[in-house]
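# Chains, contacts and geometry: an overview
The chain contents come next:
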Amino acid sequence: MTGLDELPPLREVVRVHGLDARKSLGQNYLFDLNLTRKIARSTGPLAGVTVIEVGPGPGGLTRALLREGAARVVAIEADRRFLPALEEIAGRAEGRLTLVHGDALALDLAALAGGGKARVIANLPYHVATPLIIGWLKSQPWPPWWEALAVMVQREVALRIVATPQERAAYGRLAVLAGWRSQASLIFDVPAAAFTPPPKVTSSLVGFLPRADPLACDVGALERVTAAAFGQRRKMLRQSLRTLGVDPLKLIAAACLQPTSRAEEAPVEAFVAMANRLAEQGER
Ligand code: SAM
């Protein structure tokens, strides 16, 4: 990997190319090589692996993914200003780096992965992190095109992803979706000071492994039930589920819950049971 080692330091790249960080695009850079290496390694060895990186920016994590031996890195960047710096990396990556200029939310990442399995490893732009993660969790068909995700998000979002009914305040729609389709875990926290410029909050790297065989459930029905239940999370389910236009007691009974239960007490399986009952009602 000598070619990569000859690249200029990241701070110099940012200075020479005038890549001042833009808040509107969630630009907070990582320059610490130990940290980018740790993130690159967080899903295990990369030999033979295709990695999708959303938001390579000046390319610190991109370099680490290539140094760790990824077979192919597809880096999707919305801000054209970074392309010359990223092309310098591509020029030393022996054909392993593909650059895509565009909005990761609007692109078909499965197609960019080349039809095979891929991992997403990224320091995500925070303003689009949640919709990106929701999209990956809702992938069809399932099992999805991604075999692992390791993504940096705000710690508050990470806690909402890994929450269980025991952590009531954080437990909600995101935790139910994540818990249904994946095993999600907090890998490590990263202090704000590790980024340039530092964001206002602590960040966390969150890992997701897709469940091979999640409980059968219609994702649309699951989203309707969780939206109704957590939309009025302090209310009992017999009240909050009324907005679905079906008898809430039938859904609650299907999930073996008490009519007095609240959304934040219901485990993922209960939401799946309620969603399946809701879908059945719709078919009658
Ligand atoms: N990976 C770099 C690092 O760790 O130093 C930069 C990470 S920075 C938090 C997020 C990056 O995502 C920025 O480069 C930003 O321009 C890019 N970005 C923002 N919105 C995007 C989008 N919708 N699609 C793709 N990239 C986006």
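Structural data are supplied above this passage.
Presented here is an overview of the structure given in this document. (Residues numbered from 1 in each chain as written. Predicted model: local features only at pLDDT ≥ 70, side-chain atom pairs only at ≥ 80, totals over all residues. Heavy atoms only, no water.)

Here we come to the sheet that holds strand 2 (residues 50-54). The strand order 4-3-2-5-6-9-7 describes an open sheet built from seven strands, whose pairing is mixed. If you trace the sheet from one side to the other, it starts and ends with strand 4 (97-101) and strand 7 (182-190), each paired once. Between one strand and the next, the sheet's axes are offset by a mean angle of 20°, whatever the strand orientation. Along the sheet, helix 3 (residues 33-40) makes contact with strand 5 (118-123), strand 6 (146-154), strand 7 and strand 9 (203-210), crossing strand 7 at roughly 170°. Sitting on the sheet, helix 5 (residues 83-90) touches strand 3 (72-77) and strand 4, and the angle it makes with strand 4 is about 165°. (Pairing = 2+ DSSP bridges. Helix = DSSP H or I, 4+ residues; strand = E, 2+ residues; numbered from the N terminus. Axes fitted to C-alpha atoms, helices over the stretch in contact; angles between N-to-C directions. Contact = heavy atoms within 4.5 Å.)

Neighbouring residues of the ligand: 22 residues in total, closest Gln27, Leu30, Gly55, Glu77 and Asn123. At 2.8 Å, a backbone N or O of Leu30 approaches an oxygen atom of the ligand. Separating an oxygen atom of the ligand from a backbone N or O atom of Gly57 is a distance of 3.4 Å. Across the complex, the protein chains shield 98% of the 590 Å² of accessible surface that the ligand would expose by itself. Given that more than half its atoms are within 2 Å of the pocket grid, the ligand belongs to the largest pocket. When contributions to the shell around the ligand are tallied by element, the ones reaching two or more residues are strand 1 (29-30) and strand 3. Here the shell around the ligand is built from residues that sort into ten nonpolar, eight polar and four charged. (Near = heavy atom within 4 Å. Polar contact = N/O pair within 3.5 Å; in protein donor to acceptor, adjacent residues only side chain to side chain. Areas by Shrake-Rupley, 256 points an atom, 1.4 Å probe, with all protein chains shown as cover. 1 Å grid on protein atoms, 1.4 Å probe; cavity = no way out; pocket = protein on both sides within 12 Å on 5 of 7 lines; lining within 4 Å. Sits in = over half its atoms within 2 Å of the grid points. Nonpolar A, V, L, I, M, F, W, Y, C, P; charged D, E, K, R; others polar.)

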